[in-house]
2 protein chains.
Amino acid sequence: MSSQLENAGGTVLAAVIGLGSMGFGMARSMKRAGLDVVGYDIAPAAVGRFVEEGGRGAATAADAARGADIIVSVVVNGAQTEGILFGPDGIAGVIKPGAVFVSSATMDPAVARDLSQRAEVLGFHYLDAPISGGAAKAASGELTIMASGSKAAFEGARPALDAMAAKIYELGDTAGTGAAFKMINQLLAGVHIAAACEAISFAAKQGLELGKVYEVITASAGSSWMFENRVPHVLAGDYTPRSAIEIFVKDLGIVQDMARSERYPVPLAAAALQMYLAAAGAGMGRDDDSSLARLYAQLSGATLPGTNSKKE
Amino acid sequence: MSSQLENAGGTVLAAVIGLGSMGFGMARSMKRAGLDVVGYDIAPAAVGRFVEEGGRGAATAADAARGADIIVSVVVNGAQTEGILFGPDGIAGVIKPGAVFVSSATMDPAVARDLSQRAEVLGFHYLDAPISGGAAKAASGELTIMASGSKAAFEGARPALDAMAAKIYELGDTAGTGAAFKMINQLLAGVHIAAACEAISFAAKQGLELGKVYEVITASAGSSWMFENRVPHVLAGDYTPRSAIEIFVKDLGIVQDMARSERYPVPLAAAALQMYLAAAGAGMGRDDDSSLARLYAQLSGATLPGTNSKKE
């Protein structure tokens, strides 16, 4: 099998489609691991940046995918992933037989299952492989990947997975399971950020010393990974986006759609989604997701570090 | 100062009022540390249990408190605490001048401030000292205490605090601040348990392997202290109460009352409270708080380990 996946020179040829903060780091990690990497992005500047770093660029997604053993798609959602494969300029027709398409976008498991089935019909493999870890871990090749797909899809993707990830969960032999695990994680992450912001601004409203609140809570049963990670942005008054409000508008939207179609109630996720929508509606959609704390402060007259939300 | 707080023999005399799972362990920890401890509980059997262990028992709260240097109150809420001090059989009149009343119940900060002011008028000190850590840590003397109060209150309470806690946060010189920190913790803890249950039963509804979900999530950004601690109860199908649903009916109720009076919106805490109320209404009020997972499963037909919630 692996001989099919190597080109004449024995080097694995990988295409990366989408060179944003995640895709750029993933492309560099694969290049560093010895893969021959071709990058494409709808923004020519992103391709230029990769070329400056010694990578190879392509003018279209099809040019990048043609002849590749592995195509890693690093776009935002299921609709973009479908567009890349099967849209007007879709690459499905140029992917070589037996190659593997590695999809890292967060999406409804049903969409992942559908895309995988259409891929297999056309003769290439599909690995459902959502990622977790942020831009810094993408750059260092230390992502967490929640993957599912056929044995052939895993085997074909292996050189790329090993280059990109510190931890690869192999969650089953059909696409969709990886996506489902990722959605469970996003439900919790989205609720925990909202809870962290609800709590820290409530502490501010009561005049508590916020640095002390951070110290006590992170050592107590009320802590969460997100409280520990996001509250420092609030304490610094720094809402530069590491991950934006709009990401959770999207991801909790998917959770809500999935839950509605399965007749499963998600009151916590639904309440959190309303807060992300309110923050986006108030103009903070592209700001850091910890901006929910600013929203709570604005609504209540609480004062947070570096903001001017108190009504005077 | 400390000479005032010791009896003729040089031993600190401490009273513990409320010998439930927390108070019993706290009384034993103080006894082990060399304090002379008198215990009282409205249930005579609880007093008997403490006496069997070599402790001293009292027939009334006033008998326990009379002459004590430190009175540790381990009851459920602010109303019970007020009753112990100022109710028909209240002990406020028998507490000796300069002694300290250590209040460990979770309550609205405004109630803690009020009780403290009334105590100071009568000539004894009040330490606002809510606890965290559960029965096992109460028994081993390793609780976390979130305390605030006057310098005199801290000094008087010190022998008891040192005996009961591994970590004592000194959060300010007025009662109410400790209570406020505890409420921030309870807001987060209550939301995180509800989110953990919403997520794990949603995973069950989708047919995911729950042990794997636990492994992946606890290593990911969606984790929380409560997810890590409570989901194993669900995986074991064991809803024996370590902490009951009714505790969060009470604590998120306090959060909601505080937030309403301060005109601060708490949509996450409010959504979580509705789920605890639903679980209590469905007959699970005295079961473990992870019973919210059973509620979600019953509502949706998901199958959890050891339960029979799937409609057939």
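Bear in mind the structure is a predicted one, so any value in this text is a computation, not a measurement.

Caption draft 1: Main features of the overall build of chain A. Assigned secondary structure in chain A consists of 13 helices and nine strands. Relative to a compact globule of 312 residues, whose C-alpha radius of gyration would be 20 Å, chain A shows 21 Å and is just as compact. Seen through its C-alpha atoms, chain A measures out along the principal axes to roughly 70 × 45 × 35 Å. In chain A, the share of contacts with a sequence separation of at least 24, taken over all contacts with a separation of at least 6, comes to 64%. Measuring between centres, the 25 positive side-chain charges of chain A sit 3 Å from its 31 negative side-chain charges.

Caption draft 2: Fine view of the interface of chain A and chain B. The interface is formed by 59 residues belonging to chain A together with 59 residues belonging to chain B. Looking only at chain A, the three residues that lose the most surface to chain B are Phe202, Tyr264 and Leu268 of chain A, adding up to 15% of its buried area. On inspection of chain A and its partner chain B, the count reaches zero salt bridges. Connecting chain A to chain B are 14 residue pairs in polar contact (both at pLDDT 80 or more). Per-element accounting of the side of chain A that touches chain B gives the leading share, 20 residues, to helix α8 (residues 177–205) of chain A. Looking at the side of chain A that touches chain B residue by residue, the class counts come to 41 nonpolar, 10 polar and eight charged.

Caption draft 3: Structural view of the packing of α8 of chain A against helix α11 (residues 245–261) of chain A. Residue and element names in this part refer to chain A. At a minimum axis distance of 9 Å, the contact between α8 and α11 shows a crossing angle of 120 degrees. Accordingly, the angle class assigned to the pair α8 and α11 is oblique. Seen from above, α8 lies across α11 with left-handed handedness. The residues of α11 that touch α8, namely those facing Met183, Gln186, Leu187, Ala189, Gly190 and Ile193, are Phe248, Asp251, Leu252, Ile254, Val255 and Met258. Among the residues forming the contact of α8 with α11, the class breakdown is nine nonpolar, two polar and one charged.

Caption draft 4: Up close: the relation of the copies chain A and chain B. Mapping chain A onto chain B is achieved by rotating through 180 degrees and translating by 0.0 Å along the same axis, at an RMSD of 0.1 Å. One copy is carried onto the other by what is essentially a two-fold rotation axis. Relative to the rotation axis, the C-alpha of Ser224 of chain A is the closest in chain A, positioned 1.9 Å from it. In this assembly, 100% of the residues forming the interface of chain A have copies in chain B that are likewise at the interface, indicating an isologous arrangement.

Caption draft 5: Spotlight on the side chain of Thr81 of chain A. If you trace the backbone, Thr81 of chain A turns up in helix α4 (residues 78–86). When residues no more than four places from it in sequence are discounted, the contact partners of Thr81 of chain A are Ser73, Val75, Phe101, Ser103, Ala105, Met107, Leu115 and Tyr126 of chain A.

Caption draft 6: Spatial organisation of the UniProt feature "domain: 3-hydroxyisobutyrate dehydrogenase-like NAD-binding" (unreviewed entry) in chain A. In the UniProt entry, the feature "domain: 3-hydroxyisobutyrate dehydrogenase-like NAD-binding" (unreviewed entry) is given for residues 176–296 of chain A. Between the end C-alpha atoms of residues 176–296 of chain A the distance is 36 Å, and the span holds 74% helix and 0% strand.

Caption draft 7: Up close: the confidence of the model for chain A. Overall, the predicted model of chain A reaches an average pLDDT of 94, with 95% of residues at or above 70. Between residues 1–6 of chain A, whose pLDDT stays under 50, and residues either more than four places distant or in other chains, the model counts 14 contacts.

Caption draft 8: Quick look at the pattern of salt bridges. Summed over all chains, the structure comprises 28 salt bridges over all chains. Residues Asp251 of chain B and Lys250 of chain B are paired through a salt bridge, measuring 2.6 Å at the closest nitrogen-oxygen approach. When its relative accessible area of 2% is taken as the criterion, Asp251 of chain B is described as buried. The salt bridge involving Asp257 of chain B is made with Arg260 of chain B; its shortest N-O contact spans 3.2 Å. Here Arg260 of chain B and Asp257 of chain B lie together in helix α11 (residues 245–261), a separation of three residues that amounts to about one turn. For Arg260 of chain B, a relative accessible area of 57% gives the class exposed. Here the salt bridges share partners, and the residues they tie into one network are Glu82, Asp114 and Arg118 of chain A.

Caption draft 9: The domain arrangement of chain A, seen in detail. All names here are of chain A. Split into domains, chain A comes out as domain 1 (2–173) and domain 2 (180–300). Once you take the C-alpha centre of each, domain 1 and domain 2 turn out to be 30 Å apart. Between domain 1 and domain 2, the contact holds 10 residues from the first and 10 residues from the second. Surface buried jointly by domain 1 and domain 2 totals about 860 Å² across both partners, of which 72% is contributed by carbon and sulfur atoms. Considering only the side of domain 1, the residues that lose the most area to domain 2 are Thr106, Pro109 and Met146, jointly responsible for 49% of the buried surface there. In this structure, the connection of domain 1 to domain 2 is made through zero salt bridges. On inspection of domain 1 and its partner domain 2, the count reaches three residue pairs in polar contact (both at pLDDT 80 or more).

Rules used throughout
Residues numbered from 1 in each chain as written. Chains lettered and ligands numbered in written order. Predicted model: local features only at pLDDT ≥ 70, side-chain atom pairs only at ≥ 80, totals over all residues. Heavy atoms only, no water. Helix = DSSP H or I, 4+ residues; strand = E, 2+ residues; numbered from the N terminus. Rg over C-alpha atoms; globule rule 2.2 N^0.38 Å. Contact = heavy atoms within 4.5 Å. Lys, Arg positive; Asp, Glu negative; His and termini not counted. Charge placed at Lys NZ, Arg CZ, Asp CG, Glu CD. Buried area = accessible area lost by both parts, 1.4 Å probe. Salt bridge = Lys/Arg side-chain N within 4 Å of Asp/Glu carboxyl O. Polar contact = N/O pair within 3.5 Å; in protein donor to acceptor, adjacent residues only side chain to side chain. Nonpolar A, V, L, I, M, F, W, Y, C, P; charged D, E, K, R; others polar. Axes fitted to C-alpha atoms, helices over the stretch in contact; angles between N-to-C directions. Parallel < 35°, antiparallel > 145°, perpendicular 65-115°, else oblique. Left-handed = near helix turned anticlockwise from the far one by under 90°. Least-squares fit on C-alpha atoms with pLDDT ≥ 70 in both. UniProt positions renumbered as here; feature names shortened; annotations may be inferred. pLDDT = per-residue confidence, 0-100. Buried < 20%, exposed > 50% of the residue type's maximum accessible area, 1.4 Å probe, protein only. Domains from an automatic or database assignment.

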